[in-house]
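Descriptive structure summary
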Amino acid sequence: MKVAVVTHSSTFEERAEAVALFFEKRGDTAVRVFSDFDHHRKQTVTREAENHVYLHLRPYTRNLSLNRLLAIRRFAADAGAYLESGGFDLIYFMIPANSFAEEAERIHRKTGARVIFDLIDLWPESLPLKAVSWLSPIRRWRNLRDHHLSCADLIFTECGFYREQLDLPEGKTYTLYWCKFSENNKFKRRGGSCRTDTGVLRIAYIGAINNIIDIPRIAYLLGALNRRRKVVADIVGEGEHREDFIRALQERGVETVSRGAVYEESRKEEILSRCNLGINVMRTDVHVGLSMKSIDYLSYGIPLINSIKGDLWEFVSRYGIGVNVPDNLMTMREEELDSLCRRLIDVADDAETRRKAEDLYRKNFTSEAFERTLENALEEQKLLSPNF
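All values reported here derive from a predicted model rather than from experimental measurement. (Residues numbered from 1 in each chain as written. Predicted model: local features only at pLDDT ≥ 70, side-chain atom pairs only at ≥ 80, totals over all residues. Heavy atoms only, no water.)

**Thoughts on the overall build of the protein**
Spelled out, the test is: To qualify as a helix, a DSSP run of H or I must reach at least 4 residues; to qualify as a strand, a run of E must reach at least 2; elements of each kind are numbered from the N terminus. The size measure is the radius of gyration over C-alpha atoms, and the globule rule it meets is 2.2 Å times the number of residues to the 0.38 power. The buried label goes to any residue with under 20% of its type's maximum accessible area, the exposed label to any with over 50%, and the partly exposed label to all in between, with areas taken from a 1.4 Å probe on protein chains only. What makes two residues a contact is simply this: any of their non-hydrogen atoms within 4.5 Å. Exposure was quantified through the Shrake-Rupley algorithm and a 1.4 Å probe, taking into account, for residues, occlusion by the shown protein chains and nothing else. The sign given to each residue is positive for Lys and Arg and negative for Asp and Glu; His and the chain ends receive no count. Where a charge sits is defined by one atom per residue type, namely NZ (Lys), CZ (Arg), CG (Asp) or CD (Glu).
If you tally the helices and strands in the protein, you get 13 helices and 15 strands. Rg of the C-alpha trace for the protein: 21 Å, near the compact-globule value of 21 Å for 388 residues, within the 12% margin. Reported as C-alpha extents along the three principal axes, the dimensions of the protein are approximately 65 × 45 × 40 Å. In the protein, which comprises 388 residues, the share counted as buried stands at 56%. Across the protein, every contact between residues at least 6 apart in sequence was considered, and the portion connecting residues at least 24 apart equals 69%. Working note: accessible area of the protein is about 16500 Å², and carbon and sulfur atoms make up 47% of it. Counting 57 positive and 58 negative side-chain charges, the protein places the centres of these two groups 2 Å from one another.

**Considering the pattern of salt bridges**
Keep this limit in mind: Here, a salt bridge means any side-chain nitrogen of Lys or Arg that lies within 4 Å of a carboxyl oxygen of Asp or Glu.
For the structure shown, the criterion picks out 42 salt bridges. For the salt bridge of K268 with D296, the shortest nitrogen-to-oxygen distance reads 3.5 Å. With K268 in helix α8 (residues 265-272) and D296 in helix α9 (residues 292-299), this pair connects stretches of sequence that are 28 residues apart. Grouping residues by exposure puts K268 and D296 together as buried. What you see here is one network of salt bridges that share partners, running through E84, E103, R106 and K110.

**A few points about the pairing of strand β10 (residues 201-206)**
Definition in use: Here, strands pair whenever DSSP counts at least two bridges between them.
Across the 6 residues of β10, 6 count as buried, placing the element largely inside the fold. Residues L201, I203 and Y205 line one face of β10 and the alternating positions R202, A204 and I206 line the opposite face, and both faces are buried. Where β10 lies against strand β11 (residues 231-236), 6 bridges are found, and the strand directions are parallel. Bridging across to β11, I203 finds its partner in A233. Pairing geometry for β10 and strand β13 (residues 277-280), over 2 bridges, is parallel. Bridged to I203 within β13 is L277.

**Remarks on the sheet that holds strand β9 (residues 173-175)**
We count it as follows: Axis definition: a line fit to C-alpha positions, over the contact stretch in the case of helices; interaxial angles, taken between N-to-C directions, run 0 to 180 degrees.
If you walk across this open sheet you meet the 7 strands as β5-β2-β1-β6-β7-β8-β9, and the pairing is parallel. Edge positions in the sheet fall to β5 (52-55) and β9, since each of these pairs with one other strand and no more. When strand polarity is set aside, the average angle formed by the axes of neighbouring strands in this sheet is 20°. Two strands pair when backbone bridges link them, and strand β8 (residues 154-157) and β9 are joined in this way by 3 bridges, in the parallel orientation. Directly across from I155, in β9, lies its bridge partner T173. Strand contacts of helix α2 (residues 66-84): β1 (2-6), β2 (29-35), β5 and β6 (90-95), with the helix running at about 155° to β2, the strand carrying the most contacts.

**Here's the deal with the nonpolar core**
Rule in force here: By convention a nonpolar core is built from buried Ala, Val, Leu, Ile, Met, Phe, Trp, Tyr and Cys residues, the set being connected through side-chain atoms within 4.5 Å.
Counting 133 residues, the largest nonpolar core has F93 and F117 as its most contacted members. Not counting residues within four places of it along the chain, the set of residues in contact with F93 comprises V6, L83, F100, A104, I107, V115, I116, F117 and D118.

**Description of the packing of aromatic side chains**
Applicable threshold: Aromatic contacts are taken between Phe, Tyr and Trp rings whose centres are within 6.5 Å, Trp giving its six-membered ring; a plane angle under 30 degrees counts as stacked, one over 60 as edge-to-face, and the others as tilted. A ring has a charge above it when a Lys NZ or an Arg CZ is no more than 6 Å from the ring centre and no more than 35 degrees off the ring normal.
Enumeration over the complete set of coordinates arrives at 17 aromatic pairs. When the ring of Y82 is compared with that of F88, the centres are 6.0 Å apart and the planes differ by 55°; the resulting orientation is tilted. Among the aromatic residues, those joined into a cluster by ring pairs are F75, F93, F100 and F117. Directly above the aromatic system of W178 lies the positively charged group of R15, at a separation of 5.1 Å from the ring centroid. Here K309 stacks its cationic end above the ring of W313, 4.6 Å away from the centre of that ring.

**Focus: a nonpolar patch on the surface**
Heads up, the rule is: For patch detection, residues must exceed 30% relative accessible area and be free of salt bridges, and they are connected within 9 Å for like charges or within 5 Å for nonpolar side chains (Val, Leu, Ile, Met, Phe, Trp, Tyr).
A cluster of nonpolar residues, L66, L69 and L70, forms a patch on the protein surface that exposes about 270 Å² of accessible area. Take L69: its relative accessible area is 33%, and that puts it in the partly exposed class.

**A closer look at the pairing of β6**
We count it as follows: By convention, orient the strands away from the viewer: a clockwise path from the first strand over the helix to the second makes the crossover right-handed.
Extensive coverage of β6 is indicated by the burial of 6 of its 6 residues. Burial of the side chains of β6 extends over both faces: L90, Y92 and M94 are buried on one face and I91, F93 and I95 on the other. Relative to β6, β1 runs parallel, the two sharing 4 bridges. Following the sheet pairing, A4 is matched in β6 by I91. With 6 bridges connecting them, β6 and strand β7 (residues 114-119) associate as parallel partners. Residue pairing for β7: F93 is matched across the bridge by F117. Chirality of the crossover, the property in question, places the unit of β6, helix α3 (residues 99-111) and β7 among those that are right-handed.

**Describing the sheet that holds strand β15 (residues 322-324)**
Taken in spatial order, the 6 strands make up an open sheet running β12-β11-β10-β13-β14-β15, and their pairing is parallel. If you trace the sheet from one side to the other, it starts and ends with β12 (255-258) and β15, each paired once. Sheet twist, expressed as the mean angle between neighbouring strand axes with direction ignored, is 20°. In the packing of helix α7 (residues 242-251) onto the sheet, contacts are made with β10, β11 and β12, and the angle to β12 comes to roughly 155°.

**Points about the environment of E24**
Note the cut-off: We define a polar contact as two N or O atoms separated by no more than 3.5 Å, with the added condition that, inside protein, one atom must be a possible hydrogen donor and the other a possible acceptor, whereas residues neighbouring each other in sequence contribute only through side-chain atom pairs.
Mapping E24 onto the fold places it in helix α1 (residues 13-25). In sequence terms E24 and Q43 are 19 residues apart; their C-alpha atoms lie 30 Å from each other. Beyond its immediate sequence surroundings of up to four residues, E24 is in contact with A30, R32 and N51. Engagement of the side chain of E24 in a polar contact is seen with the side chain of R32, the distance being 2.7 Å.

Below you can see the structure in the form of structure tokens.
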């Protein structure tokens, strides 16, 4: 069977590689159709690799911009033209881009190729655009995805929360959680407390520093914690709001360590293994049920400071792997804020909470769990060779 795995975003490539490797292990031919643009560095890159096709994506500098939308739309059309002539039996599209869904239906009708959608993010729902969500261009953007979902033979969502947000066919929709795919990150129990002799509370932030994180709420909470116990914010990441983030924390008296983007797993482990808590606080108008940063934290046994609803909120509530932060954080009474801070300090020092975080990671977010979900779903929908 000849399979194509398609994404426009370098952020999604690790997941795409894992899907392609799954098919290759079964003896199928898997071609990765990627772009030549590094989303994090905002640079065009030159790459070559076996079974990889790199199509041009017009450069952009800002994540929320018309230039980015137009570049992605052009990329989707170019990818569609390549896929249409490629003789593929099965095409696995990672969405966004929403325009992939439109191309998928066209290719399916013309060539008969079977189609899988992997809904990794919801655009425009997960972007801070609520004030203009009623506008016709925003509705058309959403409909690029929604009006073509029916052409898919199988739909994955990166979290169960998305299945609640969209009208997806129950019989062919499955939740496929993100995981850490790096070969050098096989799970190993770390355990123990991270409390230091000096009593410093080291709080990690990892990932893009962009429009969807809630900088005012993070700064407010860490400032409140800092009044009760010294806080050091360990920031691993880059983004257009990095300086805003650092400034907001420092204005609240929080010491910051900015390490920039870190991709080497050994270096990331060195940093995160010293941290007591991990920040996963996003704007309240963002539709997200899980995040890659939260999986990174859990893999190191770091309890979560979480605000996002859906899957992760339920995990924190049910399994005691951190503390959920309410939407009204910044209007809490002083006694409520004090109680929240003391709960965070307690879980930061608790070895049992760290163990629970590791256990949840091992059961849900390893490469083994990822491949097991893939195989079960594809078998049920009869999309694996020789059933194909």
